[in-house]
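Architecture and fold: a report
Take a look at the letters that make up each chain.
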Amino acid sequence: TVFNLAPAAPGDDSFGGMLSITAGTLNADFADVSTSSSLNMGAGGTLNLAVGTLSSTNTYLGSLTGTGNLNVSFADTGDILELGGTGGFTGAITLGSNGSGSNGNTGTLQLFNGTFGSIGEDPGAPGNSVVIGGDPSIATSGTVTLGNNTYTGSTTVSSGFKLLVSGVSGAL
């Protein structure tokens with residue numbers, strides 16, 4: 001089952017509580033979930049998140065948890081999704097995807113602290129990147145643990161941050 005969070009204009013229906021998707025799919029604009037205290041995708045849940053419709057940098061400071069799927073589509077190439085809260089999300093993150101394909105735009109996922117599952121990208125939007133840290137207004141130090149990753153862009157670790165990676169295959 002697919003649900004759409006579709007206000008008259010992005011940001012009109014900002015949701016400030018905990019958003020938990022245990023089964024099915026929710027399509028939402030970043031502005032509509034950015035004030036949620038927690039985003040949780042259960043094993044059967046998927047959040048198709050559109051970022052960059054109002055700003056090129058989109059910062060989420062709540063917690064991200066669960067084992068489901070997070071698909072991140074970028075409105076424009078170069079848009080950024082900053083996950084500045086606590087990460088305990090061990091599901092799959094797919095960059096450049098709206099869940100049913102890609103608009104071809106690539107972006108950057110910025111992480112600051114916590115454990116995250118696999119990070120991949122839609123085949124129609126290769127070249128996404130991941131930055132660990134990089135915004136001192138959010139944090140100046142932290143440890144990020146990543147699972148299997150298949151995105152083809154760069155990974156940058158900022159000073160003061162530590163990256164732990166499991167399930168690495170191939171040359172390093």
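Residues numbered from 1 in each chain as written. Predicted model: local features only at pLDDT ≥ 70, side-chain atom pairs only at ≥ 80, totals over all residues. Heavy atoms only, no water.

Glancing now at the nonpolar core. Core analysis: the largest hydrophobic core is formed by 32 residues, its most contacted members being L47, L70, I93, L109, L111, F116 and I119. In terms of residue count, strand β3 (residues 38–51) provides more of this core than any other element does, five residues in total. Setting aside its immediate chain neighbours within four residues, F116 contacts L64, L83, G87, F89, T90, I93, L111, V144, T145, L146 and G147. (Core = buried A, V, L, I, M, F, W, Y, C linked by side-chain atoms within 4.5 Å. Buried < 20%, exposed > 50% of the residue type's maximum accessible area, 1.4 Å probe, protein only. Helix = DSSP H or I, 4+ residues; strand = E, 2+ residues; numbered from the N terminus. Contact = heavy atoms within 4.5 Å.)

Before going further, it helps to spend a moment on the pairing of β3. With 11 of its 14 residues buried, β3 lies for the most part within the structure. Here 11 bridges tie strand β2 (residues 18–29) to β3, and the two strands are oriented parallel to one another. Counterpart to L26 in the pairing with β3 is L47. Looking at chain direction, β3 and strand β5 (residues 63–66) are connected through four bridges and run parallel. Each residue of the ladder has a partner; that of S38, found in β5, is S63. Across six bridges, β3 lies against strand β6 (residues 69–74) in parallel orientation. Paired with N48 across the strands is N71, a residue of β6. (Pairing = 2+ DSSP bridges.)

Looking now at the side chain of S129. By secondary structure assignment, the location of S129 is in strand β13 (residues 129–132). Assessed through its relative accessible area of 13%, S129 is described here as buried. At 2.9 Å, the side chain of S129 forms a polar contact with the side chain of T108. Residue contacts for S129: discarding those within four places in its chain leaves L95, G107, T108, L109, G153 and S154. (Polar contact = N/O pair within 3.5 Å; in protein donor to acceptor, adjacent residues only side chain to side chain.)

For the rest of this paragraph, the subject is the sheet that holds strand β4 (residues 57–60). Strand order in the open sheet made by the five strands is β4-β7-β10-β13-β15, with parallel pairing throughout. Only two strands of the sheet have a single neighbouring strand rather than two, namely β4 and β15 (155–157). When the angles between neighbouring strand axes are averaged without regard to direction, this sheet yields 15°. Relative to strand β7 (residues 79–83), β4 is paired through four bridges, and the arrangement is parallel. Its bridge partner lying in β7, T57 is registered against I80. (Axes fitted to C-alpha atoms, helices over the stretch in contact; angles between N-to-C directions.)

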